[in-house]
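What follows is each chain in one-letter form.
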Amino acid sequence: MATASEDAVAADLNVQVWKMRRIIKNLDAARGSGTSMISLFVPAKGDIARMSKMLVEEQGTAVNIKNPVNRRSVINAIASAQQRLKLYHRTPPNGLVIYCGTITTDDGKEKRISMDFEPFKPVSAALYFCGSKFQTAPLAGMLSDDSKWGFIIIDGNGSLFATLQGNTREVLQKFSVDLPKKHGRGGQSAPRFARHRVEARHNYLRKVAETAVQMFIADFKTELGHSDLFDGRLRAIVLKIVDIAYGGPNGFNQAIELAEESLGDVKFVQEKKLIDRYFDEIAQDTGKYCYGVADTMKALEMGAVETLIVWEDLDTVRHVLKNSLTNENTVLHLKPDQQKDKTLFTDKTTGTDLEPIEATPLLEWLAQSYKNYGTTLEIVTNKSQVGMQFCRGFGGIGAMLRYRVELQDSETYEEDAEEFDLDDY
């Protein structure tokens, strides 16, 4: 059983993973007109001085670029990288990542960007790249879940081989089988039919065992024992055998649920348990829950939120608007369609247009601010059945509260939300 501190560490790690995904998404979308986009990776325990010397050498090479515009952009990007590197007297424990360069925006304008950060996992190798796009492959590699779990779903109609890694379920292979059924024929033919049935089952099991070796041995390197049918290397790493009511993909889903105890560290299972706890609060009507942006943000401001649950693709944007007459700021949380409504950006009393000060995706703001409210932030997906229900039925944002709170202004956030029944989950 994980302790509260371990749960908090895991939740913080999930936030770091989400931030990394967002950085990668933005960097992958960026494009430059020349080769002035620099990616620099300094490995853990790497030498800052050596990297600085390398940048000086690259700057000397850049002066030979024939195109004057591109030459100036590359030199400026290298200079920015050098300035970022000077901020560090020693390499951070997990290494250092720097991105600098001039990108072209959607409206055709040029924009200079520069960033540096220590990733949540160690940088394994040094990398310097100067081109028309940023190199994000090393960052993407940090996002992969180290643990992968194999499933064999077998019944009398066929078999399915699949893996579960983090939130990703993948069916590797499946095949059907037509086994001879028991029948009432007697006489001299009975032993022959029985032998045929046993032989067919034996061949089926052999095919399953051989396919299991093909699917999983590449991932599990343990060298153990021998077995006539089921490879000893697989037998040694079987965690649990469960009885399922279905075959195929439905059996895969049921097997994951029945194996939850053995898969405690898998994010897919952790996420399901979290949302199940949230649904239990609602089903029992404890009052220690809320959902929707308005009620959740109100509870957060009150300091009542113990665990904040947000969908990773929440499209709500946090707008900070200023009234120039009163110098007062107003905060609005708007969906994409609401942002087109100009009346929301006007003071209802005076008719004055409100000045936009800041517009930030709500999840991005929460990822930066949640610790200020003494809460835990859990970022979830819609890849499980309960995750999809949370996103569609509850707007993709909610919270479990420390104590019962009366929230009178509950909102209706999804006119086309699907009907749901908590007893189904």
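**What about the overall build of the protein chain?**
Alright, step 1. A tally of regular secondary structure across the protein chain gives eleven helices and 14 strands.
Alright, step 2. Taking all 425 residues of the protein chain together, 39% fall into the buried category.
Alright, step 3. Accessible area for the protein chain stands at about 24,600 Å²; split by element, carbon and sulfur atoms hold 48% of it.

**Things to note about unusual backbone geometry**
Alright, step 1. For Lys45, which is not glycine, the phi dihedral falls at a positive 65°.
Alright, step 2. With respect to the helices and strands, Lys45 occurs in the loop between β1 (37-42) and α2 (48-62).
Alright, step 3. Note on Lys45: relative accessible area 83%, which makes it exposed.
Alright, step 4. Positioned with a positive phi, Asn327 is a non-glycine residue whose angle comes to about 60°.
Alright, step 5. The residue Asn327 is located in the loop between β10 (317-323) and β11 (328-334) in this model.

**Points about a nonpolar patch on the surface**
Alright, step 1. Where nonpolar side chains cluster on the molecular surface, the patch consists of Ile152, Ile154 and Leu205 and spans about 210 Å² of accessible area.
Alright, step 2. In this structure, Ile154 sits in strand β5 (residues 149-155).
Alright, step 3. Look at Ile154 and you get partly exposed, because its relative accessible area is 36%.

**Examining the nonpolar core**
Alright, step 1. Counting 25 residues, the largest nonpolar core has Val310, Leu362, Leu366 and Leu377 as its most contacted members.
Alright, step 2. The greatest single-element share of this core, amounting to five residues, is contributed by helix α10 (residues 362-369).
Alright, step 3. Sequence-distant contacts of Leu377, defined by excluding residues within four places in its chain, comprise Ala11, Val15, Leu308, Val310, Leu366, Ala367 and Tyr370.

**Observations regarding the sheet that holds strand β8 (residues 289-291)**
Alright, step 1. Taking strand neighbours across the sheet as the criterion, the four strands line up as β8-β14-β9-β13 in an open arrangement whose pairing is mixed. What marks the edges here is a single partner per strand, and that holds for β8 and β13 (376-380). The sheet shows a mean angle of 15° between the axes of neighbouring strands, taken without regard to direction.
Alright, step 2. Relative to strand β14 (residues 397-401), strand β9 (residues 305-311) runs antiparallel, the two being bridged by five bridges. Paired with Ile309 across the bridge in β14 is Gly398.
Alright, step 3. Running over the sheet, α10 touches β9, β13 and β14 and is turned about 145° from β9.

**Details of the packing of helix α8 (residues 267-283) against helix α11 (residues 385-393)**
Think of two packed helices as two axes; the pair is described by the angle between the axes and how far apart they sit.
Alright, step 1. The N-to-C vectors of α8 and α11 enclose an angle of 50°; their axes lie 9 Å apart at closest approach. Classified by the angle between their axes, α8 and α11 sit oblique to one another. Along this stretch, α8 crosses α11, giving a crossing that reads as left-handed. Between α8, through Lys272, Ile275, Asp276, Tyr278 and Phe279, and α11, the contact on the second element is made entirely by Val386, Gly387, Gln389 and Phe390.

**Some words on the packing of aromatic side chains**
Alright, step 1. Tallied over the full model, the rule gives twelve aromatic pairs.
Alright, step 2. On the numbers, 6.5 Å between centres and 15° between planes, the contact of Phe390 with Phe394 is stacked.
Alright, step 3. Overall, the relative accessible area of 0% leaves Phe390 in the buried class.
Alright, step 4. Taking NZ or CZ as reference, Lys207 lies 4.1 Å from the ring centre of Phe175, over its face.

**What about the pattern of salt bridges?**
Alright, step 1. One pass over the structure, following the stated rule, counts six salt bridges.
Alright, step 2. Linking Glu364 and Arg22 is a salt bridge whose minimum nitrogen-to-oxygen distance equals 2.6 Å. You can see Glu364 sitting in helix α10 and its partner Arg22 sitting in helix α1 (residues 4-29), a full 342 residues away along the chain.
Alright, step 3. Residue classification places Arg22 among the partly exposed positions, given a relative accessible area of 28%.
Alright, step 4. Measuring nitrogen to oxygen at the nearest pair gives 3.2 Å for the salt bridge that ties Asp315 to Lys335. On the criterion of sequence distance, the pair formed by Asp315 in the loop between β9 and β10 and Lys335 in the loop between β11 and β12 (355-361) is long-range, its members being 20 residues apart.

The rules behind each value
- Residues numbered from 1 in each chain as written.
- Predicted model: local features only at pLDDT ≥ 70, side-chain atom pairs only at ≥ 80, totals over all residues.
- Heavy atoms only, no water.
- Helix = DSSP H or I, 4+ residues; strand = E, 2+ residues; numbered from the N terminus.
- Buried < 20%, exposed > 50% of the residue type's maximum accessible area, 1.4 Å probe, protein only.
- Areas by Shrake-Rupley, 256 points an atom, 1.4 Å probe, with all protein chains shown as cover.
- Patch = residues over 30% accessible without salt bridge, like charges linked within 9 Å, V, L, I, M, F, W, Y side chains within 5 Å.
- Salt bridge = Lys/Arg side-chain N within 4 Å of Asp/Glu carboxyl O.
- Core = buried A, V, L, I, M, F, W, Y, C linked by side-chain atoms within 4.5 Å.
- Contact = heavy atoms within 4.5 Å.
- Pairing = 2+ DSSP bridges.
- Axes fitted to C-alpha atoms, helices over the stretch in contact; angles between N-to-C directions.
- Parallel < 35°, antiparallel > 145°, perpendicular 65-115°, else oblique.
- Left-handed = near helix turned anticlockwise from the far one by under 90°.
- Phe/Tyr/Trp six-rings, centres within 6.5 Å; stacked < 30°, edge-to-face > 60°.
- Lys NZ or Arg CZ within 6 Å of the ring centre and 35° of its normal.

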